[in-house]
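Structural features, examined
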Number of protein chains: 2
Amino acid sequence: MNLKTIASLAGVSTATVSNVINGNFHKVSEETRLRVEKIIRDSNYKPNVMARSLAKKESHLIGVVVPYLDKTEDFLTNPYNAHIVAALERLVRRHDYYVMLRCVGDPREIIPLLSSWNVDGAFFLGVFKDEVREIRQTIDIPMVFIDTYAPGEKIVNVGIEDYRGGYLSAKYLIGKGHRKLALVTPPDAGEGVIRERQQGFLDACKESNIDFNLNRDSFSCVSTYRNAVEVGQDIVFSNRGYTAVATLSDIVAFGVIEGLVQCGIRVPHDISVIGFDNLPDCDFMTPKLTSIAQDYEWKAEKAGGFLFRMIDGERDLHVDERQPIRVMERQSVRDLTQ
Amino acid sequence: MNLKTIASLAGVSTATVSNVINGNFHKVSEETRLRVEKIIRDSNYKPNVMARSLAKKESHLIGVVVPYLDKTEDFLTNPYNAHIVAALERLVRRHDYYVMLRCVGDPREIIPLLSSWNVDGAFFLGVFKDEVREIRQTIDIPMVFIDTYAPGEKIVNVGIEDYRGGYLSAKYLIGKGHRKLALVTPPDAGEGVIRERQQGFLDACKESNIDFNLNRDSFSCVSTYRNAVEVGQDIVFSNRGYTAVATLSDIVAFGVIEGLVQCGIRVPHDISVIGFDNLPDCDFMTPKLTSIAQDYEWKAEKAGGFLFRMIDGERDLHVDERQPIRVMERQSVRDLTQ
DNA sequence: AGTAATAGGTTTAGCGATTAACCTTTCTTA
DNA sequence: TAAGAAAGGTTAATCGCTAAACCTATTACT
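A brief report on the enclosed structure follows. Throughout, a residue's number is its position along its own chain's written sequence, starting from 1. Labels follow written order: the first chain is A, the first ligand is 1, and so on. In keeping with the model being predicted, local features are shown solely for residues with a pLDDT of at least 70 and side-chain atom pairs are shown and tallied solely at 80 or more, while totals for entire chains, interfaces and linings include all residues. Side-chain metrics in this entry use all non-hydrogen atoms of the structure; hydrogen atoms and water are not considered.

Turning our eyes to something else, we now look at the packing of helix α5 (residues 79-94) of chain A against helix α13 (residues 296-311) of chain A. Residues and elements named next belong to chain A. Taken N-terminus to C-terminus, the directions of α5 and α13 make an angle of 45°; their axes are 9 Å apart at the nearest point. In terms of orientation, α5 lies oblique with respect to α13. Seen along the crossing, α5 lies across α13 with a hand that is right-handed. Across from Tyr80, His83, Ile84, Ala87, Leu88, Arg90, Leu91, Val92 and Arg94 in α5, the residues of α13 making contact are Tyr296, Glu297, Lys299, Ala300, Glu301, Gly304 and Phe308. Residues of the contact of α5 with α13, tallied by class, amount to 9 nonpolar, 2 polar and 5 charged. To define axes, lines are fitted to C-alpha atoms, for helices over the stretch in contact only, and angles between the resulting N-to-C directions are given on a 0 to 180 degree scale. Think of it this way: any DSSP run of H or I at least four residues long counts as a helix, any run of E at least two long counts as a strand, and we number them from the N terminus. Our angle categories are set so that under 35 degrees counts as roughly parallel, over 145 as roughly antiparallel, 65 to 115 as roughly perpendicular, and the remainder as oblique. By convention the crossing between two helices is left-handed if the near helix lies anticlockwise of the far one by an angle smaller than a right angle, and right-handed if it lies clockwise. Only heavy atoms matter for contacts: two residues are in contact if any of them lie within 4.5 Å across the pair. For this scheme, ten residues count as nonpolar: Ala, Val, Leu, Ile, Met, Phe, Trp, Tyr, Cys and Pro. Four count as charged, namely Asp, Glu, Lys and Arg, and the remainder, Gly too, count as polar.

In structure tokens:
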């Protein structure tokens, strides 16, 4: 069942059918239009997207590229990624585009993919540091990065106020009377959003004259629950009298709490914990996790807004949009001032 | 940059280049092959998938169709869906296919999509009861349903032992000395996996002479955290002295616990709760949620195995594969027998 | 009335691959 | 040594759709 069949069924040319389908009504009389439409409906005909894309040189496909940490840990296993992907899918669907979902270890893998499918645009999740440049050089399609730190690169990035996130996290704990702070952070921060958060945290400590030393008081942890549990125990074994620990993702906070609890520590009575992301899961647990809140829907909306503006012709857009954040207060931080 | 360019650069015909790309080496001399390959590499050429698909009548695309409950609640918001999608994406990628992710309210929406993209196969997540038939009638591509109950339809379904799940859930609670049981279940069970789980639950109760009445002791709840919180409160307000409540999904169990706690109930001391799905999140909370365990990776592997067998020519496969399940014991059920 | 514009088409040349059919050489083999 | 097969290509049709160019009546305008 193809255009040609419909055309001959209706006794018109393929061009006419094509015009009907694509809404070029000024080239088709009301009468023919209705006839063709009826036949299309009756024969349950659906145009072949591949052929159309080939002819129009556009695919209506949007790539969504998500990183994974290692082979055992899945990308959507991290609820943060899952939420962002969900929000993006919804947004893309609303624009009548389609999502091609792809998970990658190294973002470079994605380049051949995107160019051969000639997707109309792509979202990149997660930090891709240096690879950003390589991606940009190799393919030239509208793309929006999410949570990527790449100053100097002329890209569109949508993230959060990372520096302020770290700053608020520390300030909040300090405000609750905590003076011995530990920070759990992904390894190998280098440059990037993690580095910004760390810096915010450091500056807040310095500002309040808190004796926090990154070498001594920070604990390295990949963003998996399992690893975080061990880190939680390490914190106890370190025996440094921390009263609060800050993490840079909720999933890590969950693990840390578990590790602490396994060592007989009560949260927040003995040690307080603050997360980062404000996942719905924060509400599921006891104590409910206090976290740095960001709005996924907002992020997706912003990112989508930029992407579709670029698709609509506005090339070389260059913005670094940061979502304002706030502390979402729950129960995992004890107030020592009272 | 297209086949033709490469061909003229290499001084051969497009057919030869095509043969090189597709590995039909017996039609190309070693020498030409190397020359062409070099040029392809140097010019960074990637074949256009749309054109290839059109010519070969296969897309290397796999549709992943996920239902959503309502407009506010996203499909990947439910970690269960997120995990399945993650496992499927990984599997599809391993087979060198691509995932087209689509979320739908009514699965019928998907029909035009699948036929116009002429995907090579599709996975359908979630219960699609009657729509199964309509889908099957309208499109004829390899497809595998996940967690779908449609006896009589010649489909491939991969699920779990739902009946046994409900049965085990009840038996476990009963074994721990509970006699006053409540069941939280999605509304409008009709036929389907939910109905099976209910039946298993009922039969287990009957077998142990437990006075459980579906009309009196079951609470209707859509699978969202928010609704589940209310239901948790309802259970308390019903004032029927339940000592344990079983749910048919973890996410609902999380909400129910929250609702109970909000009413001053201690879990599991006053009321025990058992979940269903065994999400990683079960470990994140206090008390850790006892749940009915299923293996996502297993499901994806099985489903993928079937789908690719069908794609490889084995049409009219018809199986209803059920994954064995077990109770994953944690801390949310109190043992009353001691 | 004569010309221009418009409405409503049709023809046909792509889009970028694949592939069947065909064409030379060169190598086997009876 | 003549016929057949194999190696290594090329040509051209085709996949299903789009869109520019072209055609032919009508209708509009001055």
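Now, onward.
A few words on helix α12 (residues 250-262) of chain A. All names here are of chain A. Counted at 1.5 Å a residue, the expected span for α12 with its 13 residues is 18 Å, and the 18 Å between its end C-alpha atoms agrees. Using a 1.4 Å probe on the protein chains alone, a residue whose accessible area is under 20% of its type maximum counts as buried, one over 50% counts as exposed, and one in between counts as partly exposed. Among the 13 residues of α12, 11 are classified as buried, and the element is accordingly described as predominantly covered. Every buried residue of α12 is accounted for by Asp250, Ile251, Val252, Ala253, Phe254, Gly255, Val256, Ile257, Glu258, Gly259 and Leu260. Its buried side turned inward, α12 meets α5, β6 (181-185), α11 (225-238), β8 (244-247), β9 (272-274) and β10 (291-293). In the stretch just after α12, Gly264 is the one whose phi turns positive, near 85°. Each residue after the first adds 1.5 Å to the expected span of a helix.

By this definition, two strands are paired if DSSP reports at least two bridges between them. Within the open sheet, the 12 strands sit side by side as β11(A)-β5(A)-β4(A)-β3(A)-β1(A)-β2(A)-β2(B)-β1(B)-β3(B)-β4(B)-β5(B)-β11(B). Their pairing is mixed. Two strands close off the open sheet at either side, each with one partner strand: β11 (319-323) of chain A together with β11 (319-323) of chain B. Looking at each pair of strands side by side, their axes are set apart by 20° on average, direction ignored. Bridge count for strand β5 (residues 156-160) of chain B against β11(B) is 5 bridges, and the pairing is parallel. Paired with Gly159(B) across the bridge in β11(B) is Arg322(B).

This part covers the nonpolar core. By nonpolar core is meant a set of buried Ala, Val, Leu, Ile, Met, Phe, Trp, Tyr and Cys residues that side-chain atoms within 4.5 Å join together. Formed by 122 residues in total, the largest nonpolar core has its most connected members in Leu101(A), Phe123(A), Leu101(B) and Phe123(B). Filtering out sequence-adjacent residues up to four positions away, Phe123(A) remains in contact with Ile62(A), Gly63(A), Val64(A), Val65(A), Leu88(A), Val92(A), Val144(A), Ile146(A), Ala303(A), Gly304(A) and Leu307(A).

Taken together, 24 residues sit near DNA strand D, with Leu3(A), Tyr45(A), Ser13(B), Ser29(B) and Thr32(B) positioned nearest. Throughout, near means a residue has at least one heavy atom within 4 Å of the molecule or strand. When atoms of DNA strand D within 4 Å of the protein are sorted by moiety, sugar and phosphate together comprise 76%. Two N or O atoms form a polar contact when they lie within 3.5 Å of each other; inside protein one atom must be a possible hydrogen donor and the other a possible acceptor, and for residues adjacent in sequence the pair counts only when both atoms belong to side chains. Here Ser13(B) contributes a side-chain N or O atom positioned 2.6 Å from a phosphate oxygen of DNA strand D. Of all elements in the fold, only α2 (14-22) and α4 (49-56) of chain A together with α2 (14-21) and α4 (49-56) of chain B reach the threshold of two or more residues within the surface near DNA strand D. Here the surface near DNA strand D takes 4 residues from α4(A), the largest share from any one element. By residue class, the composition of the surface near DNA strand D is 11 nonpolar, 9 polar and 4 charged.

Quick look at the protein's contact with DNA strand C now. Surrounding DNA strand C, one finds 23 residues, the nearest of these being Ser29(A), Thr32(A), Leu3(B), Ser18(B) and Tyr45(B). The sugar-phosphate share of atoms of DNA strand C within 4 Å of the protein amounts to 72%. Contact between DNA strand C and Thr16(A): a phosphate oxygen at 2.8 Å from a side-chain N or O atom of the residue. Ser29(A) is positioned with one of its side-chain polar atoms (N or O) 2.5 Å from a phosphate oxygen of DNA strand C. If you list the elements that add at least two residues to the surface near DNA strand C, you get α2 and α4 of chain A together with α2 and α4 of chain B. Broken down by element, the surface near DNA strand C gets its largest block of residues, 5 residues, from α4(B). Across the surface near DNA strand C, the residue classes tally to 11 nonpolar, 8 polar and 4 charged.

When the copies are superposed, the least-squares fit takes in the C-alpha atoms of residues with a pLDDT of at least 70 in both. Turning chain A through 180° and shifting it by 0.1 Å along the axis lays it on chain B, with an RMSD of 0.1 Å. The operation mapping one copy onto its partner corresponds to a two-fold rotation axis. Interface overlap between copies is the fraction of interface residues in one copy that are interface residues in the other; for chain A against chain B it reaches 100%, indicating a shared surface.

Once that is clear, we can look at the packing of helix α1 (residues 3-10) of chain B against α2(B). All names here are of chain B. Two elements in contact, α1 and α2, have axes separated by 8 Å at closest approach and are oriented at 105°. The angle between the axes of α1 and α2 places the two elements in the roughly perpendicular class. Counted together, Leu3, Lys4, Ile6 and Ala7 of α1 and Thr14, Val17, Ser18 and Ile21 of α2 form the full contact between these two elements. Across the contact of α1 with α2, the residue classes tally to 5 nonpolar, 2 polar and 1 charged.

The term salt bridge refers to a side-chain nitrogen of Lys or Arg lying within 4 Å of a carboxyl oxygen of Asp or Glu. Overall, the coordinates contain 52 salt bridges over all chains when judged by the stated rule. Beyond isolated ion pairs, a larger network of salt bridges with shared partners links Asp162(A), Glu196(A), Arg197(A), Asp320(A) and Arg322(A).

Attention shifts here to the environment of Pro151(B). Along the chain, Pro151(B) turns up in the loop between β4 (143-146) and β5. For the pair Pro151(B) and Leu183(B), spaced 32 residues apart in sequence, the C-alpha separation works out to 25 Å.

Let us now look at the environment of Gln338(A). Residues and elements named next belong to chain A. Its location among the elements puts Gln338 in the segment after β12 (326-328). Since its relative accessible area comes to 81%, Gln338 is described here as exposed. Once the C-alpha coordinates of Gln338 and Gly177 are considered, the two residues, 161 residues apart in sequence, prove to be 8.8 Å apart. A polar contact of 3.5 Å, which involves the side chain of Gln338, links it to the side chain of Asp335.

On to the side chain of Arg90(A). Residue and element names in this part refer to chain A. In this structure, Arg90 sits in helix α5. Assessed through its relative accessible area of 17%, Arg90 is described here as buried. There is a polar contact of 3.1 Å between the side chain of Arg90 and the side chain of Glu297.

Time to look at the side chain of Arg102(A). Within the fold, Arg102(A) resides in strand β2 (residues 98-104). Only four residue types enter the tally: Lys and Arg on the positive side, Asp and Glu on the negative side; His and the chain ends are excluded. The buried charged residue Arg102(A) lacks any salt bridge partner; its closest oppositely charged side chain belongs to Glu89(B), at an N-O distance of 4.8 Å. At 3.2 Å, the side chain of Arg102(A) and the backbone oxygen of Tyr97(B) are in polar contact. Not counting the four nearest positions on each side in its chain, Arg102(A) is found in contact with Val64(A), Val65(A), Val66(A), Ile110(A), Leu113(A), Glu89(B), Arg93(B), Tyr97(B) and Tyr98(B).

One widely used convention gives an interface's size as the accessible area the parts lose upon coming together. Taken residue by residue, the interface counts 52 residues in chain A and 52 residues in chain B. Interface of chain A and chain B: buried area, both sides summed, is about 4,600 Å²; carbon and sulfur atoms make up 61% of it. In short, buried area is how much 1.4 Å probe accessible area vanishes from two parts on joining, totalled over both. Area buried by chain A at its contact with chain B is led by Met50(A), Trp117(A) and Phe284(A), which between them contribute 17% of it. Inspection of the region where chain A meets chain B yields 2 salt bridges. Counting the contacts that link chain A with chain B gives 15 residue pairs in polar contact (both at pLDDT 80 or more). Looking at the side of chain A that touches chain B, the elements with two or more residues in it are α4, α5, β2, α6 (110-116) and α12 of chain A.

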